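# Architecture and fold: a report
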Amino acid sequence: MYKIESLITKIIAFSILTISINVSAQTYQVIPNSCLEDIDTPLSEEIQKARSIWMALTGTTVPMCDDRLKRMEIYIKKGDFSKAVDVALKDPLHYNIRVRDMAARICSRDVTFRTEVNDCIATIVGIARDGLDVADVVTGNFYYRIDLDKLSPTKRPSVNRNSLVNDILRSNRHYEQINDHQLSMYHVLKKEDGQQIIDLLDQSRARPAIDPAGVITSRAFMEAHATAGTNRRMVQMSFEQFLCKPITDWADNTVSDRFVGRDVDRKPGNDPQKYHITCKGCHAPMDSMRGAFARVDFNNNFYRYSLTSIQDKMNRNGDTNPDLFFVVSDDSYDSQAIYGANASQFGWRGYTKGSGMSDLAQMIAESRAYNSCWAKHAFQSACGRAPQTDEEMAVVDSLGASFDGLNQRPLSYLYKKLALNRICLGVDL
Amino acid sequence: MRSLKLLTLIIIVAFAVACSEQKVKDSVGNQATATSAYKTDRILHGEQVANNLVNSLGLKNSGQIDNMYDRAESARLLLSESGNYDTITGGYLNVMTELSEAACEHLVFDLERGRLQIVDGEVEDNRHYFRGIWLENAAPGGADASRVNADYEYTTSNYSAAYSPKIRYQRAVKRLARTLWGRDISATEETEIMALIQTTLDAGAANKGYRAAIIACTTIASSFDSVRQ
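Residues numbered from 1 in each chain as written. Chains lettered and ligands numbered in written order. Predicted model: local features only at pLDDT ≥ 70, side-chain atom pairs only at ≥ 80, totals over all residues.

## Considerations on the overall build of chain A
Counting its secondary structure elements, chain A contains 20 helices and eight strands. Partitioning the intrachain contacts of chain A with sequence separation of at least 6 by distance along the chain shows that 69% fall at a separation of at least 24. (Helix = DSSP H or I, 4+ residues; strand = E, 2+ residues; numbered from the N terminus. Contact = placed C-beta atoms within 7 Å.)

Here it is in structure tokens:
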């Protein structure tokens, strides 16, 4: 009797230990696996293909004896490549490494993955993990944060920077914990509906965001592009990151310049021709949409939205062109990037004029270029290089087109297609 | 001074291994086509270098791993930002070697040691890489070291040829290569690394088996194929 009791106690103790180890392991960014390589059996062609797919989707290796690779090998041997890809696509490493790096490039000022996790990165990773439509990246009224309930009891006390005002809206301290504690975003992120901003009337409080526009109105994106300046960068980088069009691609000096700000000299070096030839091309289309950001600024470490007034930076240097009367007085915009070549390269499909950031973001998300831009981001992420050759561009174009035709557009669709593509992988499947 | 020499040696051998890999690929037509130029021009970047070591060697998250991440973080400017092949620099190789060495120490000293135990007077060797190899101070804590030593002494000669100490090291090297490179080691590469192990063992310094294991692991972990994406 005593022996049975003792045995049961041991089993329970072991179970508790196992459970606590599993919970604890799940919160880590990288979840290592350990196995014994069987060097007496040669590597099959299929497992080497599995490894190529695995690397493309997770950006990291695992031992060749890893059961995830073994499962992929079995599916490949059966000719079921789709299921093989799913193994890697459903792995936390895909989100914690590949998607995270792609998001970091989108969310940082220097377009680099050398950056701490922030609210923008966490939101893109969360959207990918939850299989939401990519339009939500710029139109969603939500954000992602660490769910303390997902942490192990031992880990929870040290993840203590969780104040909405102080650690999320006024600093990045909440998200820095992901790196500090090597947390797995795949496991610990939770979606919070309703973006929040600092209440300008009482800056120690938060209030529901006005005019939310997905990650465009995240603290990180605002810090990167709305700090000082004239908010032109917000337009420029929104187009560069979400439509994959640098301003040089959509400059157009044939359109009206009636929205060009007063701070732009119409006679640089006393030469009006210079303005018409070199300045107007970028400023005319860009400034026509700048109004959408008229109420926003980033200073003193937080994103400010002014309900009652237009930011001073929108109408700076009135004395540069005192004879011009165009002044930004509200957050309306009327895009001029809709004519000629711009009409076809962006493929606008909704309203091209409106008010505020959410309208502008809607315009971006409804365009054809938005979908092909995600195809391009995914290509760079999974294939490890920007598409350059005609062959690679054709892959991105065709992928963007098929993505565009979907009702629901999860990022996983793009990664899956690319992981099965010979040109991306460099291996014949 | 000695560790500096060791580090230099590892970098030289890792480089030589990288070069011999290339030679092997060039001489085997099929393999060269299977690995297209698209794939060969990518390397691990930034923090992924550390993630990769943790993943592939199956290292457990611990304070030591945190230290390795801290080292990667502090050296992030030396680690490739874009992952392009031409971003390999001397600094990148140095950091790679340093991180690999930290990872290998953790593997050999902590993980592998834990897998070698004496149960009821019998040796139970469940190590994944260095099975059957005497690693001196990486022997199980509190165990009867002399008992393990007697079974695992590299220089003991009363083994069958099929299970000689040399064969055991070769098997360790083969396992590490398969894990870290995702392919089987070539004869040229194996000769290079085995020569390095032999040199270390012949030097007769304290903890020679342990040193040889670290050197073999670091050489493989810091060579080109283990950072190739």
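## A few points about the nonpolar core
Of all hydrophobic cores here, the largest spans 110 residues; its most connected members are A:Ile53, A:Ile124, A:Val125, A:Val138, A:Ala382 and A:Leu414. Examining the composition of this core, we find that nine residues originate from one element, helix H17 (residues 368-383) of chain A, more than from any other. Taken domain by domain, the makeup of this core includes at least three residues from each of domain 1 (232-366) and domain 2 (368-425) of chain A. Sequence-distant contacts of A:Val125, defined by excluding residues within four places in its chain, comprise A:Tyr95, A:Val99, A:Arg100, A:Ala103, A:Met185 and A:Leu189. B:Leu53, B:Ala102, B:Leu196 and B:Ala221 belong to the second largest nonpolar core, which has 49 residues in total. (Core = buried A, V, L, I, M, F, W, Y, C linked by C-beta atoms within 7 Å. Buried ≥ 20, exposed ≤ 12 C-beta atoms within 10 Å, placed from the backbone. Domains from an automatic or database assignment.)

## Observations concerning the packing of helix H2 (residues 45-58) of chain A against helix H4 (residues 81-89) of chain A
Residues and elements named next belong to chain A. At a closest axis distance of 9 Å, the pairing of H2 and H4 adopts a crossing angle of 40°. Comparing the axis directions of H2 and H4 gives the class oblique. Here the hand of the crossing between H2 and H4 comes out right-handed. Counting all contacts with H2, which are made through Ala 50, Ile 53, Trp 54, Leu 57 and Thr 58, the residues of H4 involved are Ala 84, Val 85, Ala 88 and Leu 89. Residues of the contact of H2 with H4, tallied by class, amount to eight nonpolar, one polar and no charged. (Axes fitted to C-alpha atoms, helices over the stretch in contact; angles between N-to-C directions. Parallel < 35°, antiparallel > 145°, perpendicular 65-115°, else oblique. Left-handed = near helix turned anticlockwise from the far one by under 90°. Nonpolar A, V, L, I, M, F, W, Y, C, P; charged D, E, K, R; others polar.)

## Looking at the domain arrangement of chain A
All names here are of chain A. Its domain assignment divides chain A into domain 1 (232-366) and domain 2 (368-425). Computed over C-alpha atoms only, the centres of domain 1 and domain 2 are separated by 29 Å. Elements represented by at least two residues in the side of domain 1 that touches domain 2 include exactly helix H15 (341-346) and helix H16 (356-365). For the side of domain 1 that touches domain 2, the class distribution of residues is six nonpolar, two polar and one charged.

## Considering the interface of chain A and chain B
On the side of chain B, 31 residues touch chain A, which itself brings 26 residues to the contact. A breakdown of the residues in the side of chain A that touches chain B according to their chemical character gives 13 nonpolar, nine polar and four charged.

## Structural notes on the pairing of strand S6 (residues 302-305) of chain A
Residues and elements named next belong to chain A. Pairing analysis gives four bridges linking strand S5 (residues 296-299) to S6, with the strands arranged antiparallel. Looking at the pairing, Phe 298 lines up with Tyr 303 of S6. Connecting the antiparallel pair S5 and S6 is a turn made up of two residues, with Asn 300 showing a positive phi of about 55°. (Pairing = 2+ DSSP bridges.)

## Details of the packing of helix H6 (residues 90-114) of chain B against helix H10 (residues 208-221) of chain B
All names here are of chain B. Their axes nearest at 8 Å, the elements H6 and H10 cross at an angle of 135°. When the axis of H6 is compared with that of H10, the two are oblique. In terms of crossing hand, the pair formed by H6 and H10 is right-handed. Counting all contacts with H6, which are made through Thr 97, Ser 100, Glu 101, Ala 103, Cys 104, Glu 105, Leu 107 and Val 108, the residues of H10 involved are Tyr 210, Ala 213, Ile 214, Cys 217, Thr 218 and Ala 221. Split by residue class, the contact of H6 with H10 holds nine nonpolar, three polar and two charged.

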